[in-house]
4 protein chains.
Amino acid sequence: MTFDDAALTIAASGRHMDAKGWVPATAGNISIRLGPEDIAITRSGRHKGQMVPADVMLVDGDGASREAGARPSYETLLHCGIYRRFVEAGAVLHGHSIANTVLSRRAGASIRLAGYELLKAFPGGPTHDTVVDLPVLDNDQDIPRLQRAVDALWDDAPDAPPGYVIRGHGVYVWGADMHAAMTRLEALEFMLLCHLEEGRHSR
Amino acid sequence: MTFDDAALTIAASGRHMDAKGWVPATAGNISIRLGPEDIAITRSGRHKGQMVPADVMLVDGDGASREAGARPSYETLLHCGIYRRFVEAGAVLHGHSIANTVLSRRAGASIRLAGYELLKAFPGGPTHDTVVDLPVLDNDQDIPRLQRAVDALWDDAPDAPPGYVIRGHGVYVWGADMHAAMTRLEALEFMLLCHLEEGRHSR
Amino acid sequence: MTFDDAALTIAASGRHMDAKGWVPATAGNISIRLGPEDIAITRSGRHKGQMVPADVMLVDGDGASREAGARPSYETLLHCGIYRRFVEAGAVLHGHSIANTVLSRRAGASIRLAGYELLKAFPGGPTHDTVVDLPVLDNDQDIPRLQRAVDALWDDAPDAPPGYVIRGHGVYVWGADMHAAMTRLEALEFMLLCHLEEGRHSR
Amino acid sequence: MTFDDAALTIAASGRHMDAKGWVPATAGNISIRLGPEDIAITRSGRHKGQMVPADVMLVDGDGASREAGARPSYETLLHCGIYRRFVEAGAVLHGHSIANTVLSRRAGASIRLAGYELLKAFPGGPTHDTVVDLPVLDNDQDIPRLQRAVDALWDDAPDAPPGYVIRGHGVYVWGADMHAAMTRLEALEFMLLCHLEEGRHSR
């Protein structure tokens, strides 16, 4: 995939997430991995509802800007952390929804989803009769330290699902490509909204 | 109706259901019966929000693809089961809404709807002063076995309404044509949302 | 206003109400009074989301069709009842919302709205510091009998607000013209949604 | 910024707020400060969903119309009060949402928001680990008297956040320009919706 096509795809995904209400204010960020040292990612501080390809820029595998003077999304290192750990990850989405914000604020270390047909959007066998424990991490403005917490979590739980929530801050989800990542995000947000509606609390 | 017109109608219906939030991820499927051995139905794994006629294919009355190498929706056999049982059925809709998911997870064998003006969208006399017991079946990834459970239900309750819910999975609704099926689905989802808002539980 | 302009206005209003979610299935109806014996009103059984001027027809002051073979909305007589009683009424809107359906099902003879800035959209002085008791009537498929109940209500309460709710069925609101009626409907539905969110019950 | 550009920006902002459901009926008003004696502001009584630049007019720093015969929004003096107090304010937004209406009706003198990542949209250090106490004032149809209450509040709390709520009436938010004000409004409404969902009450 070329950078130009990735920028088009990211901009369309931003507008889609805005239509869903998942990127209020300038929240949210989106990336596609083009190669080991090439990640296309949203610029800092842009509203996703009017996204155009010019709102996308290039960073390297450590999140350093490859465009002079340009600033990528504040949480670029979290995207890099996902790509570093999961070779199969090709696209990463981060959004703030009412459901993921409220549920993560009341959750303990994870949110358990069980019995939903849409769990099929997650790895672990093509069945609804499974359980996904979505990890919940405490929020931290020190992003390198937050990424170390995420890495520690993955070290302890190598079968963690392809997503996690930062408390009061939003969800990260990934997939082999943007279609897979967005399908997973839509499935997850739907299940979280059901979970919220059911009045389920922390575990 | 020609296959081409059916494909256009199905694609428009998919985009409509997506706008309502009833087909998250790649969920949902839609069909129109063209003849005893000709059913136009959504292909497997497509997002309904960007549906085009090319996302529709042809299967026979037993759900076998009539297009080499093409794969219809996973739950095609449930559509065939409806068409086999009800000669008057011309279109079938399957969607996942927050309301039908949450209510079916907490329900027993049915969800009782009573006193709504929109019950007039269901058979049984042109009045709101009626009761519809919407059957709820346990989810099952073995679709032929699930269809046998649906058939057993219909054998026991020949006056069952033109719809049922699979627990945690979504609703099936049908009508003489797509307009009738969609009208019924909109009425049903509206009543389920009221039901959810009223905090009503299983019966 | 000509019939053609009224038909355009009614069609646009139908699509607006559909975008708000107030006319599920084929629910809802809309009219404009052109003269003492000329009321433009929605035809029966059309979906409001794709309304065009051809979905509008002409009836006389008693609700009889002025177009051979055409059938107006089932509840045309309720529109006529409003126009007969209130000479200042120029447009009538009827919609089904989750809020008006759920609240009317749990209400007694009225729903009391108080302390909302948007009460200024109702007569009674330009202030929020007022009370509107929105009448709630039992549903009835016998429309002439239902209209007699509405008339009896107005006879008893000559200062009733320009709106009422039919239990489990929807709201009727009117104004001097379509803009006034729609402004009132939007204000009312907003307050009812607040009311529902506050968990307020019957009075 | 020219008046024409301000009018375009205000009209687009009105349509945006309408799409979010924050300006029901003819509620809401929007302004941009062009200079010490030049404020572009919405005219009285227009619906924001179809706003065009012609729905915007010019007032002076005291809210007096600078266009013969034209009437600005009823609450223009509240906009002027904000501009008079905060030299850095360049744009003001006023909207009615379900969340700000319901929460302000049950709140005491303020609504406390804490632990949200989106608090970064408010002054006080780039962190979620902060607290914003959003002031809540009683509603009053006497706008000069209401502005005196707002001024008294600011006199007592010079570090009040760039926003306040009028009970049962709506929120006022401002920023250096429209983009900043709208970003803040979107962040605030998102947090209020979370707050409402959490069932938090007055403080």
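In case you missed it, the structure is sitting above this.
Residues numbered from 1 in each chain as written. Chains lettered and ligands numbered in written order. Predicted model: local features only at pLDDT ≥ 70, side-chain atom pairs only at ≥ 80, totals over all residues. Heavy atoms only, no water.

As for the relation of the copies chain A and chain B
Then, number 1: Superposing chain A onto chain B takes a rotation of 90° combined with a translation of 0.0 Å along the rotation axis, leaving an RMSD of 0.0 Å. Interpreted geometrically, this transformation is the action of a four-fold axis. (Least-squares fit on C-alpha atoms with pLDDT ≥ 70 in both.)

Notes on the packing of helix α1 (residues 3–20) of chain A against helix α5 (residues 178–197) of chain A
Residue and element names in this part refer to chain A.
Then, number 1: At a minimum axis distance of 12 Å, the contact between α1 and α5 shows a crossing angle of 10°. The angle between α1 and α5 falls in the class roughly parallel. Contacts between α1 and α5 involve Thr 9, Ile 10, Ser 13, His 16, Met 17 and Lys 20 from the first element and Met 178, Met 182, Leu 185 and Glu 186 from the second. (Axes fitted to C-alpha atoms, helices over the stretch in contact; angles between N-to-C directions. Helix = DSSP H or I, 4+ residues; strand = E, 2+ residues; numbered from the N terminus. Parallel < 35°, antiparallel > 145°, perpendicular 65-115°, else oblique. Contact = heavy atoms within 4.5 Å.)

Re the environment of Val150(C)
Residues and elements named next belong to chain C.
Then, number 1: Mapped onto the fold, Val 150 is located in helix α4 (residues 143–156).
Then, number 2: Note: C-alpha distance between Val 150 and Leu 78 (72 residues apart in sequence) is 8.6 Å.
Then, number 3: Discounting chain neighbours no more than four positions away, the residues touching Val 150 are Leu 137 and Tyr 164.

Comments concerning the arrangement of the chains
Then, number 1: Nothing in chain A touches chain C; the tightest C-alpha to C-alpha distance between them is still 14 Å.
Then, number 2: Regarding chain B and chain D, which are not in contact, the minimum distance between any of their C-alpha atoms is 14 Å.

Looking at the packing of helix α5 (residues 178–197) of chain B against helix α3 (residues 98–106) of chain C
Then, number 1: It is at 10 Å that the axes of α5(B) and α3(C) come closest, and there the two elements cross at 55°. By the criterion of interaxial angle, the relationship of α5(B) to α3(C) is oblique. Crossing geometry of α5(B) relative to α3(C) is assigned as right-handed. Between α5(B) and α3(C), the residues in contact are Phe190(B), Leu193(B), Cys194(B) and Glu197(B) and Ile98(C), Thr101(C), Val102(C) and Arg106(C), respectively.
Then, number 2: The residue makeup of the contact of α5(B) with α3(C), split by class, is five nonpolar, one polar and two charged. (Left-handed = near helix turned anticlockwise from the far one by under 90°. Nonpolar A, V, L, I, M, F, W, Y, C, P; charged D, E, K, R; others polar.)

Considering the packing of aromatic side chains
Then, number 1: Summed over all chains, the structure comprises 24 aromatic pairs over all chains.
Then, number 2: Grouping aromatic residues by their ring pairs yields a cluster made of Phe86(A), Trp154(A), Tyr164(A), Tyr172(A) and Trp174(A).
Then, number 3: Here the basic side chain of Arg184(C) rests over the ring of Phe122(C), its NZ or CZ set 5.7 Å away from the ring centre. (Phe/Tyr/Trp six-rings, centres within 6.5 Å; stacked < 30°, edge-to-face > 60°. Lys NZ or Arg CZ within 6 Å of the ring centre and 35° of its normal.)

Quick look at the interface of chain A and chain B
Then, number 1: Contact residues are listed per partner, giving 20 residues for chain A and 23 residues for chain B.
Then, number 2: Surface buried jointly by chain A and chain B totals about 1,700 Å² across both partners, of which 57% is contributed by carbon and sulfur atoms.
Then, number 3: Three residues, Glu117(A), Phe190(A) and Glu197(A), lead the burial of chain A against chain B; their summed loss comes to 31% of the area buried on that side.
Then, number 4: Scanning the region where chain A abuts chain B turns up one salt bridge.
Then, number 5: Between Arg105(B) and Glu198(A) there is a salt bridge whose closest N-O contact spans 2.6 Å.
Then, number 6: If you look at where chain A meets chain B, you find ten residue pairs in polar contact (both at pLDDT 80 or more).
Then, number 7: Examining the composition of the side of chain A that touches chain B, we find that eight residues originate from one element, α5(A), more than from any other.
Then, number 8: Here the residues of the side of chain A that touches chain B sort into eight nonpolar, five polar and seven charged. (Buried area = accessible area lost by both parts, 1.4 Å probe. Salt bridge = Lys/Arg side-chain N within 4 Å of Asp/Glu carboxyl O. Polar contact = N/O pair within 3.5 Å; in protein donor to acceptor, adjacent residues only side chain to side chain.)

The quantities given are spatial measurements derived from coordinates; they are silent on function.
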